[in-house]
Amino acid sequence: MKKLRGTPSARYIVKNLVVLAGVFSVFVLLVKANTGYDLLFNKLLQERAAQQQYEDLSYDDRREIKLGYNFTYLQLLRSRTPETAVILMPPDSVFRKPDGEHAFIDYWITNRGWASYFVYPRRLVYSDDLGAGSSHLRPTHVAIVHYWGYDKLAYPVDKKYPYDVMPF
Amino acid sequence: MEIAGLFITFLFGVAIVNLLAYQLPVGEKMGYAWPVGLGANALLMFVLDLCGVSLRHVALVLAIELVLIMVLAVYILRRYRPPVQIKSLLERLFPINLAWIFLVGIAVFLVYVVTARALFWPVYIYDSIYGFDFVAKAVAQEGTLHNAIFDPQHPLYSLRSLYPPLVALNFAFVYLLGFETSHVVVVIFYASLAVSLYAFLTRVTTHLGAAFYTVLFLSVPELFNFASLSSSNPICAYYCAVGLLALWRAVDTSSHADLRIGSVLIVLALWTRPEAIVFSVVAGGLVLWWSIRQKRVWSVLIFGAACLVFWGSWQAYLHGVLQVTGDQPMDFMLTWDAGKLSRMWSRVLEVTFHGAYYGAVVYLFVAIVFLNIPYFGKQRQTLPLLGIIAVAWLLYLLVFYQLDTDFMPDSTDWIGDAYRRGLFNFIPLMLLYCAASIWSRTVFEFVERWLATDKPPVVE
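Because the structure is predicted, anything quoted here is derived from the model rather than measured. (Residues numbered from 1 in each chain as written. Chains lettered and ligands numbered in written order. Predicted model: local features only at pLDDT ≥ 70, side-chain atom pairs only at ≥ 80, totals over all residues. Heavy atoms only, no water.)

Remarks on the overall build of chain A
Of regular secondary structure, chain A possesses seven helices and five strands. Along chain A, helices and strands appear, N-terminal first, in the series β-α-α-α-α-β-α-α-β-α-β-β. Per-residue burial over chain A gives 43% buried out of 168 residues. Counting only contacts in chain A whose residues sit at least 6 apart along the sequence, the fraction spanning at least 24 positions is 57%. Here chain A has roughly 9700 Å² of accessible surface; of this, 57% comes from carbon and sulfur atoms. (Helix = DSSP H or I, 4+ residues; strand = E, 2+ residues; numbered from the N terminus. Buried < 20%, exposed > 50% of the residue type's maximum accessible area, 1.4 Å probe, protein only. Contact = heavy atoms within 4.5 Å. Areas by Shrake-Rupley, 256 points an atom, 1.4 Å probe, with all protein chains shown as cover.)

Pasting the structure below:
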């Protein structure tokens, strides 16, 4: 014989609704009383809006939104060099100038490990390290940052851009 | 390929969990499956790498796992001959009332939001980019842990790159499967934490209570944030917290299955982050306690040897193969500095009771501890759990006290950074303690009884 559960009584349904209302009230109270849940609730709404706003963007474009122009520049190095490239980077001082023209990318890019992640398997060699003799890698390209780097090339360049990457 | 590859690691975990602890309820085994499967997956990749096999052959890794799944399945089916009881299983898993459905709905929604967020955004946090995700990218590119990051002439590693390889290898695994982000691994552990915690909670409270505490866990703001980032903290929290819970129950119920699974989780924790050493010490104490009560000295010896082998294997690899040293910024000589301790302690209190980090969980836990004080003598089950939390926390604080810092405002904020995320390891333990308390049980059992009086009867 098949076992069936009887139809729920009105009383059972009301009791269920009362417990549901109680649980719901606890969570509303928590969201209102605790800054953490309030932030989380707002984050859920913001996240939904952000995902709708950026859903057509590629993964790299989304990363640019999170990481800014540092990533844009490193992506330029990545897209314009072969995987085996060893790229000469400017001295840290070039990235640390406080004027507006250098605000395009910031000193985060001087963090060797962090910056290398975005161009890997290409290698970054910083001029400061070459001077200190701590790197054995021979650069194949030079990173142009605010016109720094053109003087390293043994050939003339007709059209110069402030940010670029050139082969030696 | 992406989904199939992850599903194979899940099945791999199911097979191993059934081998270790067939007697456990299905819900618990589902919670354990993926973390154990991914842990074993990392171990297999490490062994293949040592044997000189390129890890870029991810199909080979999956093929070996499939063969092992089949061998284990045949062994388990022959040994246990399990009867198929899907109907009774479904009835036990879904005790329907509206509040429970609402709470489970919130839990599923939170996991969905974390998953959607994790898959939408690429990896961008500093710790991962200059740490395990970079190692993972290099493993996926070069097929070995011994890659360009560890080139002694041009090193690109940070302290986090030298963490034990479980996280980096699994991140590499998902990249090799074709995923664009390693976030998916962290999401799996977040969801597994929820399933495992729910399964543990149902042993100490009603299903409604279990759902309530599971939602409290999933909505811990700091954990919710980190679950969709490329962070190793939720992964470590799974192994440490669930491992300790399993060992606590092994001691409480003299269960061999819990002892085996708990020990495996703690050993895997040691392959995740260095902080797991603290939890493995507490776990070692629990296994020792179990061994003394059961008069089985081999258990504690095997556990100790497994911990040493796992931790030692990575340290030997670092020194012998990669030839790098993972020096921790710690002073191993115990020294007394009242000023340092005072500054650290005030920062610890500030972070621990910060509502924006852990929501109501820490407050609830402290309130329940105080309410339980009159009943300490009668709490055979929960008092040891409180002891585990207290000892682990004190040891954890000792590690921070021994760090080479003065905790002055202008120095590295270890408490606001590492400790803050390290508290994830304690949250499941705290919530289980709350749920098992007489106060919580009284409330939820009353609600369930009140509902049950008008429940429609079963008719033939």
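Structural notes on the domain arrangement of chain A
One can read the domain layout of chain A as domain 1 (10-56) and domain 2 (60-167). Placing a centre on the C-alpha atoms of domain 1 of chain A and another on those of domain 2 of chain A gives a separation of 46 Å. (Domains from an automatic or database assignment.)

Overview of the packing of aromatic side chains
According to the stated counting rule, one finds 43 aromatic pairs over all chains in the structure shown. Ring geometry for Tyr-73 of chain A and Tyr-163 of chain A: centres 5.9 Å apart, planes at 75 degrees, overall edge-to-face. Taken together, the positions of Tyr-73 of chain A in helix 4 (residues 69-79) and Tyr-163 of chain A in strand 5 (residues 163-167) put the pair 90 residues apart, joining distant regions of the chain. Each member of the pair, Tyr-73 of chain A as well as Tyr-163 of chain A, carries the same accessibility label: buried. Seen in terms of ring centroids, Trp-345 of chain B and Trp-393 of chain B are 5.9 Å apart; in terms of plane orientation they differ by 55 degrees. Their pairing is tilted. Within this pair, whereas Trp-345 of chain B is found in helix 16 (residues 338-352), its partner Trp-393 of chain B is found in helix 19 (residues 382-401), the two being separated by 48 residues in sequence. The class for Trp-345 of chain B is partly exposed, based on a relative accessible area of 37%. The class for Trp-393 of chain B is partly exposed, based on a relative accessible area of 22%. (Phe/Tyr/Trp six-rings, centres within 6.5 Å; stacked < 30°, edge-to-face > 60°.)

Digging into the packing of helix 12 (residues 233-253) of chain B against helix 14 (residues 276-294) of chain B
Residue and element names in this part refer to chain B. The interhelical angle for the contact between helix 12 and helix 14, taken along N-to-C directions, is 15 degrees, at an axis separation of 10 Å. The pairing of helix 12 with helix 14 is recorded here as roughly parallel in orientation. Handedness of the crossing formed by helix 12 with helix 14: left-handed. Packed against helix 12, whose contacting residues are Cys-236, Cys-240, Leu-244, Leu-247, Trp-248, Ala-250 and Val-251, the element helix 14 presents Ala-276, Phe-279, Val-282, Ala-283, Leu-286, Val-287, Trp-289, Trp-290 and Arg-293 at the interface. In terms of residue class, the contact of helix 12 with helix 14 is made up of 15 nonpolar, no polar and one charged. (Axes fitted to C-alpha atoms, helices over the stretch in contact; angles between N-to-C directions. Parallel < 35°, antiparallel > 145°, perpendicular 65-115°, else oblique. Left-handed = near helix turned anticlockwise from the far one by under 90°. Nonpolar A, V, L, I, M, F, W, Y, C, P; charged D, E, K, R; others polar.)

Considering the sheet that holds strand 3 (residues 123-126) of chain A
Residues and elements named next belong to chain A. On the basis of which strands lie adjacent, the open sheet formed by four strands has the order 3-2-4-5 and mixed pairing. The sheet is open, and its two edges are formed by strand 3 and strand 5, each paired on a single side. In this sheet, adjacent strand axes meet at a mean angle of 30 degrees when their direction is disregarded. In the sheet, strand 4 (residues 141-145) pairs with strand 5 via five bridges, with the strands oriented antiparallel. From the neighbouring strand, Val-145 faces strand 5, where its bridge partner is Tyr-163. Strands strand 2 (86-89), strand 3, strand 4 and strand 5 of the sheet are contacted by helix 4, whose axis makes an angle of about 25 degrees with strand 5. (Pairing = 2+ DSSP bridges.)

Details of the pattern of salt bridges
Residues and elements named next belong to chain B. Tallied over the entire structure, the rule returns 16 salt bridges over all chains. Between Glu-28 and Arg-203 there is a salt bridge, with its nearest N and O atoms 3.1 Å apart. You can see Glu-28 sitting in helix 2 (residues 26-50) and its partner Arg-203 sitting in the loop between helix 9 (183-201) and helix 10 (207-218), a full 175 residues away along the chain. Here Arg-203 falls in the partly exposed class, since its relative accessible area comes to 42%. Its salt-bridge partner being Asp-413, residue Arg-347 comes within 2.7 Å of it at the nearest N-O pair. You can see Arg-347 sitting in helix 16 and its partner Asp-413 sitting in the loop between helix 19 and helix 20 (414-422), a full 66 residues away along the chain. (Salt bridge = Lys/Arg side-chain N within 4 Å of Asp/Glu carboxyl O.)

Some points on helix 5 (residues 98-120) of chain B
Since the α-helix advances by 3.6 residues per turn, residues separated by three or four positions end up pointing in the same direction. For helix 5 of chain B, spanning 23 residues, the distance from its first C-alpha to its last is 32 Å, which sits close to the expected 33 Å at 1.5 Å a residue. Within helix 5 of chain B, the full set of buried residues consists of Ala-99, Trp-100, Leu-103, Ala-107, Leu-110, Val-111, Val-113, Val-114, Arg-117, Ala-118 and Phe-120 of chain B. (Expected span 1.5 Å × (residues − 1).)

Describing the interface of chain B and chain A
By convention, interface size is frequently given as the accessible area that disappears when the constituent parts associate. Across the contact, 60 residues belong to chain B and 59 residues belong to chain A. Between chain B and chain A lies a buried interface of about 5400 Å² when both sides are counted; carbon and sulfur atoms form 68% of it. For the chain B face of the interface with chain A, the top three residues by lost area are Phe-120, Trp-121 and Asp-454 of chain B, together amounting to 13%. Where chain B meets chain A, there are two salt bridges. Taken together, the connections running from chain B to chain A amount to 17 residue pairs in polar contact (both at pLDDT 80 or more). Only helix 5, helix 6 (126-129), helix 7 (132-142), helix 10, helix 11 (221-227), helix 17 (355-358), helix 22 (438-452) and strand 1 (458-459) of chain B provide two or more residues apiece to the side of chain B that touches chain A. Partitioned by chemical class, the residues of the side of chain B that touches chain A number 41 nonpolar, 10 polar and nine charged. (Buried area = accessible area lost by both parts, 1.4 Å probe. Polar contact = N/O pair within 3.5 Å; in protein donor to acceptor, adjacent residues only side chain to side chain.)

Digging into the confidence of the model for chain A
Averaged over all residues, the pLDDT of chain A equals 85, while 89% of them reach at least 70. Looking over chain A, one finds the lowest element-wise mean pLDDT in strand 1 (residues 4-5) of chain A, namely 56, and the highest in strand 2 of chain A, namely 93. (pLDDT = per-residue confidence, 0-100.)

Description of helix 3 (residues 59-67) of chain A
Three or more residues of helix 3 of chain A are buried, namely Tyr-59, Arg-62, Arg-63 and Leu-67 of chain A. Viewed along the axis of helix 3 of chain A, the buried residues span an arc of 125 degrees, placing them on a single side of the element. Structurally, helix 3 of chain A contributes buried residues whose contacts are with helix 2 (35-54), helix 4 and helix 6 (112-119) of chain A together with helix 5 and helix 6 of chain B. Positive backbone phi, at 75 degrees, marks Gly-68 of chain A, one or two positions downstream of helix 3 of chain A. (Arc of directions from axis to C-beta.)

Overview of the environment of Pro-152 of chain B
As for its position among the elements, Pro-152 of chain B is in the loop between helix 7 and helix 8 (166-177). Between the C-alpha atom of Pro-152 of chain B and that of Ser-182 of chain B, which follows or precedes it by 30 residues, the distance is 27 Å.

Things to note about the packing of helix 12 of chain B against helix 13 (residues 256-269) of chain B
Residues and elements named next belong to chain B. Relative to each other, helix 12 and helix 13 sit at 155 degrees, their axes nearing to 8 Å. If you check the angle between helix 12 and helix 13, you find them roughly antiparallel. Crossing geometry of helix 12 relative to helix 13 is assigned as left-handed. In this structure, helix 12 contributes Tyr-238, Tyr-239, Cys-240, Val-242, Gly-243, Leu-244, Ala-246, Leu-247, Arg-249, Ala-250 and Thr-253 to the contact, and helix 13 contributes Asp-258, Leu-259, Ile-261, Gly-262, Ser-263, Leu-265, Ile-266, Leu-268 and Ala-269.

A closer look at the side chain of Arg-420 of chain B
Residue and element names in this part refer to chain B. Positionally, Arg-420 belongs in helix 20. Engagement of the side chain of Arg-420 in a polar contact is seen with the side chain of Tyr-357, the distance being 3.4 Å. A polar contact of 3.2 Å, which involves the side chain of Arg-420, links it to the backbone oxygen of Gly-416. Sequence-distant contacts of Arg-420, that is, excluding residues within four places in its chain, are made with Glu-222, Val-351, Tyr-357, Tyr-358 and Ile-415.

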